[in-house]
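Listed below, chain by chain, are the residues.
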Amino acid sequence: MASMNFEDPEVAKFLDQTYQLLKEDALQKGTDREYPVMNFKHPNELKSLLDLDITAGPATYEQLLEEMKRMIQYSPKPGHPHYHDPFYGSLDAYSQAGSWLSSSLNVNLHTFEISPVFIVLEKYIFKKLCDLVGFQHGDGMFCPGGTNCNFFGLHLARFKKFPEVKKTGMFSLPTLRCYISEDGHHSLLKAVNYLGFGGNSVVPVSTDDRGRMLVSDLESSITSDIEKGYMPLMVMATCGSTVLGSFDDLTAISKVCKTYNIWLHADANWGGGVAASKQHRHLLKGSHLCDSLTWNLHQLNGLPEQCSVFLINDPTGNALEEANSARAEYLFQPDKHYDISYDSGDKTVQCGRKSDVVKLWMQWRALGDSGIEARIDQAFENARYLTEKLRTNEGFKLVLPEFECTNVCFWYIPHRLRGQLEDNKWWQEIGKIAPKIKERMTRTGSLLIQYQPMSNKGFVNFFRAIIHNPLCRPRDMDFIVEEIERLGHDL
Ligand SMILES: Cc1ncc(COP(=O)(O)O)c(C=O)c1O
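Residues numbered from 1 in each chain as written. Predicted model: local features only at pLDDT ≥ 70, side-chain atom pairs only at ≥ 80, totals over all residues.

## Examining the overall build of the protein chain
Test applied: Numbering of helices and strands runs from the N terminus; a helix is a DSSP stretch of H or I covering at least four residues, while a strand is a stretch of E covering at least two. Only C-alpha atoms enter the radius of gyration; for comparison, a globular chain is expected to reach 2.2 Å times N to the power 0.38, where N is the number of residues. Partly exposed residues are those falling between the two cut-offs: more than 12 but fewer than 20 other C-beta atoms within 10 Å of their own, whereas 20 or more means buried and 12 or fewer means exposed, with C-beta atoms placed from the backbone. Remark: residues whose backbone-derived C-beta atoms lie within 7 Å of one another are considered to be in contact.
Looking only at helices and strands, one finds 14 helices and 11 strands in the protein chain. A compact globule built from 491 residues would reach a C-alpha radius of gyration of about 23 Å, and the protein chain, at 24 Å, matches this within 12%. With respect to the principal axes defined by its C-alpha atoms, the protein chain has extents near 70 × 70 × 45 Å. Buried positions account for 43% of the 491 residues belonging to the protein chain. In the protein chain, the share of contacts with a sequence separation of at least 24, taken over all contacts with a separation of at least 6, comes to 72%.

As structure tokens, this is what we get:
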């Protein structure tokens with residue numbers, strides 16, 4: 001065993017068997033309602049079920065296959081139609097094929113000569129995505145995850161205001177401030193930590209009762225900071241907030257940003273997918289007014305993790321290169337025999353970079369604009385169906401009357417707590433219900449939905465079903481309601 005030669009018949013057989021296993025156990029059974037969403041084991045039990053030892057001699061092909069089978073068995077199946085926990089996980093054959101193509105070719109996207117095809121694909125895709133969000137002079141970059149894309153937004157905002165930062169660092173800069181709604185993603189806090197601004201530079205802005213940034217509060221925070229001698233640098237607007245799915249008003253925020261000369265970055269990691277739908281793209285109204293925008297295509301668009309794009313509205317056309325270039329002589333020789341503007345590696349902070357673009361291109365090419373649009377519309381339709389079903393069932397209470405995105409948030413009310421005065425004591429009891437049901441659903445593996453409290457709004461633990469799987473039908477929405485009733489009626 002352990003031959004490195006792909007033509008070796010044993011290796012070829014091993015790969016064929018691997019493919020069969022992935023196709024049948026991970027993809028087919030992993031998306032089949034007849035099989036569980038997960039087979040949960042506590043850490044120590046799991047360690048005893050897996051043969052982790054790699055210090056012994058080489059394993060046989062049979063042992064490797066057996067181990068992969070077990071890894072599949074004990075891994076949750078995010079593509080399952082009863083898995084509404086994460087923002088990622090929908091599966092399709094085309095982006096899977098793209099993923100395999102990407103890892104089989106194993107090219108690295110820093111220069112054209114080592115990744116000509118995928119660099120051309122990237123340029124094409126950036127133009128397509130920029131057109132969808134209305135960036136006339138757009139450019140883009142794939143980053144490892146949406147959090148990193150948001151880092152990129154802050155990094156670009158700082159560079160555009162203080163280009164000297166690239167040489168002299170933060171030392172001579174005024175104290176900078178960034179603004180985000182209190183419901184915005186914690187990646188901004190990570191970004192200020194990572195980029196040396198410090199946590200105090202983040203100013204949380206209150207939200208209205210639907211979780212959208214209060215633009216009047218944004219403006220008063222900005223003016224008060226200016227009076228104190230701080231310099232407002234960036235507003236990170238949220239397009240599809242992580243918990244409630246709310247969309248900030250980009251047009252109104254942009255007006256404030258223009259008045260005070262502030263960079264407007266949109267975190268559309270979750271909600272960006274609506275750009276592909278004529279019915280829902282109004283939620284991103286004003287996106288063309290942003291300076292930059294990030295879009296996790298592994299979320300609403302359902303690409304395999306990770307597929308995250310940073311887009312910049314850049315009339316100069318070279319902001320990414322100027323902000324990031326290090327001009328390594330061994331990679332970016334000026335006297336190459338081809339058009340070196342295709343050597344895109346210096347437009348980012350990374351050296352090596354994965355070809356995530358191929359997964360996206362394959363999915364979009366296979367489904368076409370109309371197929372992508374149908375998939376987004378279907379997710380919204382399923383979410384609407386579930387919301388209405390919960391609204392009319394006495395065992396459930398919606399957290400908001402309507403949801404802007406496909407996050408459906410609700411409390412389950414067990415029989416003993418129905419029809420009672422909803423005082424503090426009652427809410428305390430309700431807050432204990434979701435963790436108990438979550439434990440039961442995890443143990444049975446029948447359904448997975450996340451729960452959380454939301455202390456800034458005074459909400460005790462509630463369920464948040466994230467609906468985006470294109471395999472989901474109304475009967476899967478019915479199942480959510482029936483299964484939670486089954487698991488929680490006696491609590
Ligand atoms: C609104 C929002 N921003 C950023 C992120 C972070 O994305 P990633 O997990 O790819 O880093 C998420 C993840 O769910 C999100 O919902």
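## Focus on helix 4 (residues 93-105)
Since one α-helical turn is 3.6 residues long, residues separated by three or four positions face the same way. Counted only if it meets this: By this rule the span expected of a helix is its residue count minus one, scaled by 1.5 Å. Summarising the geometry, the arc corresponds to the directions from the helix axis toward the C-beta atoms.
Given a rise of 1.5 Å per residue, 13 residues ought to cover 18 Å, and the 18 Å separating the end C-alpha atoms of helix 4 matches this to within 8%. When we look at burial in helix 4, the residues that qualify are Ser95, Gln96, Gly98 and Ser102. For helix 4, the buried positions fall inside an angular range of 160° around the axis, keeping them on one side. The exposed set on the far side of helix 4, more than 90 degrees from its buried face, consists of Ala93 and Ser104. Backbone geometry just after helix 4 places Asn106 at a positive phi near 55°.

## A look at the site of the ligand
Selection rule: Placing the C-beta atom from the backbone, one calls a residue near a molecule or strand if that atom lies within 6 Å of it. Under the scheme applied here, ten amino acids are nonpolar (Ala, Val, Leu, Ile, Met, Phe, Trp, Tyr, Cys and Pro), four are charged (Asp, Glu, Lys and Arg), and all others, including Gly, are polar.
Near the ligand lie 14 residues; those nearest to it are Gly145, Gly146, Thr147, His185 and Asn269. Here the residues of the shell around the ligand are counted per class, giving 2 nonpolar, 11 polar and 1 charged.

## Structural notes on the sheet that holds strand 8 (residues 396-398)
Going by this rule: Each pair of strands is called paired provided DSSP finds at least two bridges between the two strands. Orientation is described by axes fitted as lines to C-alpha atoms, over the contacting stretch for helices, and by angles from 0 to 180 degrees between their N-to-C directions.
Read from one edge to the other, the open sheet built from 4 strands follows the order 8-9-11-10, with strand pairing classed as antiparallel. Every interior strand has two partners, whereas the edge strands, strand 8 and strand 10 (450-454), have only one. Looking at each pair of strands side by side, their axes are set apart by 40° on average, direction ignored. Two elements, strand 9 (residues 407-412) and strand 11 (residues 459-466), share 4 bridges in a ladder whose sense is antiparallel.

## Examining the sheet that holds strand 1 (residues 138-143)
Ordered by their spatial adjacency, 7 strands build an open sheet running 1-7-6-5-4-2-3, and the pairing between neighbours is mixed. The sheet is open, and its two edges are formed by strand 1 and strand 3 (202-205), each paired on a single side. Strand-to-strand twist in this sheet, taken as the mean axis angle between neighbours without regard to direction, amounts to 20°. Inspection of the sheet shows strand 5 (residues 263-267) paired to strand 6 (residues 292-296) by 3 bridges, in the parallel sense. By the bridge assignment for strand 6, His265 is matched with Ser292.

## Considerations on the nonpolar core
Applied cut-off: Only buried residues count toward a nonpolar core: Ala, Val, Leu, Ile, Met, Phe, Trp, Tyr and Cys, linked into one set through C-beta atoms within 7 Å.
One finds Val235 and Leu311 to be the most contacted residues of the largest nonpolar core, which totals 115 residues. By residue number, the principal contributor to this core is helix 12 (residues 357-391), which donates 12 residues. Once residues lying within four places of it in the same chain are set aside, the contact partners of Val235 are Tyr179, Leu218, Ile253, Cys257, Ile262 and Leu264.

## Observations regarding the pairing of strand 1
Across the 6 residues that make up strand 1, a large majority, 6, are buried. Neither face of strand 1 is left uncovered, since the one carrying Gly138, Gly140 and Phe142 and the one carrying Asp139, Met141 and Cys143 both have all their residues buried. Both strand 1 and strand 7 (residues 308-313) contribute to a ladder of 6 bridges, which runs antiparallel. Across the sheet, Gly140 pairs through a bridge with Leu311, a residue of strand 7.

## So, the pairing of strand 3
Rules: With its strands directed away from the observer, a crossover is right-handed exactly when the path from the first strand over the helix to the second travels clockwise.
In this structure, strand 2 (residues 176-181) lies alongside strand 3, joined through 4 bridges in parallel fashion. Across the sheet, residue Ser181 finds its bridge partner in strand 3, namely Val205. Handedness of the crossover joining strand 2 and strand 3 through helix 8 (residues 187-194): right-handed.

## Quick notes on helix 10 (residues 250-260)
Those residues of helix 10 not exposed but buried are Leu250, Ile253, Ser254 and Cys257. The buried residues of helix 10 occupy an angular sector of 100° when projected down its axis, which confines them to one face. Structurally, helix 10 contributes buried residues whose contacts are with helix 9 (215-227), strand 4 (231-238) and strand 5. In the stretch just after helix 10, Asn261 is the one whose phi turns positive, near 55°.

## Topic: the packing of helix 9 against helix 10
Geometrically, a packed helix pair is captured by the angle between its two axes and the distance between the axes. As a reminder, the rule being used: Under this scheme an angle from 65 to 115 degrees is roughly perpendicular, one under 35 degrees roughly parallel, and one over 145 degrees roughly antiparallel; angles in between are oblique. Take the far helix as the reference: if the near one is turned anticlockwise from it by less than a right angle, the crossing is left-handed, and if turned clockwise, right-handed.
The interhelical angle for the contact between helix 9 and helix 10, taken along N-to-C directions, is 15°, at an axis separation of 10 Å. Taken together, the axes of helix 9 and helix 10 are roughly parallel relative to one another. Crossing of helix 9 against helix 10: the hand is right-handed. Each of Val215, Leu218, Glu219 and Ile222 in helix 9 lies in contact with helix 10, whose residues at this interface are Ala252, Ile253, Val256 and Tyr260. Along the lines of polarity and charge, the residues of the contact of helix 9 with helix 10 split into 7 nonpolar, no polar and 1 charged.

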